[in-house]
2 protein chains.
Amino acid sequence: MKFIIEGSRVFKALGDPKRAMIVDMLSCGELCACMILEKFQISQSTLSHHMKLLCECGLVVGRNEGKWTYYSLSADGIAKTKQFFCDITSGKENCICKEMNPDRCCND
Amino acid sequence: MKFIIEGSRVFKALGDPKRAMIVDMLSCGELCACMILEKFQISQSTLSHHMKLLCECGLVVGRNEGKWTYYSLSADGIAKTKQFFCDITSGKENCICKEMNPDRCCND
DNA sequence: GTGCCCTATCGAAAAATGTCAATATGAACT
DNA sequence: AGTTCATATTGACATTTTTCGATAGGGCAC
């Protein structure tokens with residue numbers, strides 16, 4: 001249960017189109033917050049909020065350099081997210097439903 | 001842009017812990033709505049709403065049999081979701097940032 | 001130090017979401 | 001036809017989320 005709640009936070013973060021687009025932008029390499037801001041019609045405070053969510057869920061990491069903040073994707077966060085998605089869709093070892101539904105789960 | 005909005009719908013659906021858990025349950029095989037309902041402390045109308053969202057984003061498919069509705073994961077939906085996640089995190093061919101950031105994206 | 005730039009935080013308003021009870025739909029059985 | 005059961009839809013409410021303007025903090029240049 002805690003496993004699911006923790007894992008779904010990344011999906012919640014990616015559930016907002018703007019944040020998904022930010023992740024896409026970062027997939028090409030590190031970017032300064034101000035560069036990301038240029039691409040969107042949102043206020044600076046809103047962007048800061050989005051970046052905070054992306055960092056808190058582990059998908060993005062921030063790095064301060066002087067007065068700038070550079071953001072980049074976390075390879076570990078990406079790997080964990082892929083693993084989580086596989087876990088909840090493949091019905092194998094880690095599936096939570098094993099305990100909820102022992103009579104019909106994970107017996108293949 | 002439309003590509004991102006469409007793709008992030010699946011993540012928005014999975015962003016709710018209960019829906020993520022439902023997906024996990026379905027990963028072990030098809031389940032009747034009433035069986036899923038037994039495992040949660042939610043009303044029937046709430047479950048119906050969750051299942052609707054999971055179906056609309058393409059991750060789950062419903063099948064009517066008499067008065068029952070059976071739900072199962074969509075292999076195609078799962079594959080598409082994996083692909084979308086890879087697209088926005090790998091920075092390769094399909095990355096949206098190419099058009100937004102042509103000077104520094106997708107040149108590796 | 002003072003001023004300027006970049007980013008984060010706060011407070012508030014609007015919009016979206018999760019939830020329920022009540023009701024509607026639709027299928028099977030008598 | 002009427003009843004019962006499983007599911008979907010509706011309407012309402014509380015909570016969460018998105019967003020902004022205003023403000024605060026921290027670094028750099030003068």
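The structure displayed is predicted, hence computed values, not measured ones.

**Quick word on the environment of M21 of chain B**
Residue and element names in this part refer to chain B. Take M21: it is sitting in helix α2 (residues 17-26). A relative accessible area of 5% means that M21 is categorised as buried. Along the chain, M21 and I36 lie 15 residues apart, while their C-alpha atoms are 10.0 Å from each other.

**Quick look at the interface of chain A and chain B**
At the interface, 40 residues of chain A touch 41 residues of chain B. Here chain A and chain B share an interface that buries about 3,600 Å² over both sides, 70% of which is from carbon and sulfur atoms. Linking chain A to chain B there are 0 salt bridges. Across the contact surface, chain A and chain B share 2 residue pairs in polar contact (both at pLDDT 80 or more).

**Some thoughts on the relation of the copies chain A and chain B**
The operation linking the two copies of the chain is a rotation about an axis combined with a translation along the axis. When chain A is fitted to chain B, the residual RMSD is 0.1 Å, and the transformation amounts to a turn of 180° plus an axial shift of 0.0 Å. The superposition operator between the copies reduces to a two-fold rotation axis. No C-alpha of chain A lies nearer the rotation axis than that of F11 of chain A, which sits 2.4 Å from it.

**Quick look at the protein's contact with DNA strand C**
The full set close to DNA strand C counts 24 residues, and Y71 of chain A together with K18, S43, T46 and H50 of chain B are the nearest of them. Of all atoms in DNA strand C that approach within 4 Å of the protein, 65% are sugar or phosphate atoms. A distance of 3.0 Å separates a phosphate oxygen of DNA strand C from a polar side-chain atom of S48 of chain A. The contact in question runs from a phosphate oxygen of DNA strand C to an N or O atom on the side chain of T46 of chain B, over 2.7 Å. Listed by contribution, the elements that provide at least two residues to the surface near DNA strand C are α3 (33-38), α4 (44-56) and β3 (68-73) of chain A together with α2 and α4 (44-56) of chain B. No other element matches α4 of chain B, which puts 5 residues into the surface near DNA strand C. Residues of the surface near DNA strand C, tallied by class, amount to 7 nonpolar, 11 polar and 6 charged.

The rules we used
In this numbering scheme, every chain counts its residues from 1 along its sequence in written order. Lettering of chains starts at A and numbering of ligands starts at 1, both following the order in which they are written. Reporting in this predicted model follows two pLDDT cut-offs: at least 70 for local features of residues, and 80 or more for side-chain atom pairs to be given and counted; totals over whole chains, interfaces and linings ignore these cut-offs and use all residues. Note that water and hydrogens are dropped before the side-chain values are worked out from all heavy atoms of the structure. Strands here are runs of E lasting at least two residues and helices are runs of H or I lasting at least four, both read from the DSSP assignment and numbered beginning at the N terminus. For each residue, the accessible area found with a 1.4 Å probe, counting protein chains only, is set against the maximum for its type, and the residue is called buried under 20%, exposed over 50%, and partly exposed in between. A contact between two residues is defined here by any heavy atoms of the two lying within 4.5 Å. Note: buried area is the sum, over both parts, of the accessible area (probe 1.4 Å) each one loses when the two are combined. Salt bridges are identified by distance alone: a Lys or Arg side-chain nitrogen within 4 Å of an Asp or Glu carboxyl oxygen. The definition of a polar contact used here is a pair of N or O atoms within 3.5 Å, where within protein one atom must be able to donate a hydrogen and the other to accept one, and adjacent residues in sequence count solely through side-chain atom pairs. Only residues with pLDDT of at least 70 in both copies contribute their C-alpha atoms to the least-squares superposition of the copies. Throughout, near means a residue has at least one heavy atom within 4 Å of the molecule or strand. Asp, Glu, Lys and Arg are counted as charged, while Ala, Val, Leu, Ile, Met, Phe, Trp, Tyr, Cys and Pro are counted as nonpolar; the rest, among them Gly, fall into the polar class.

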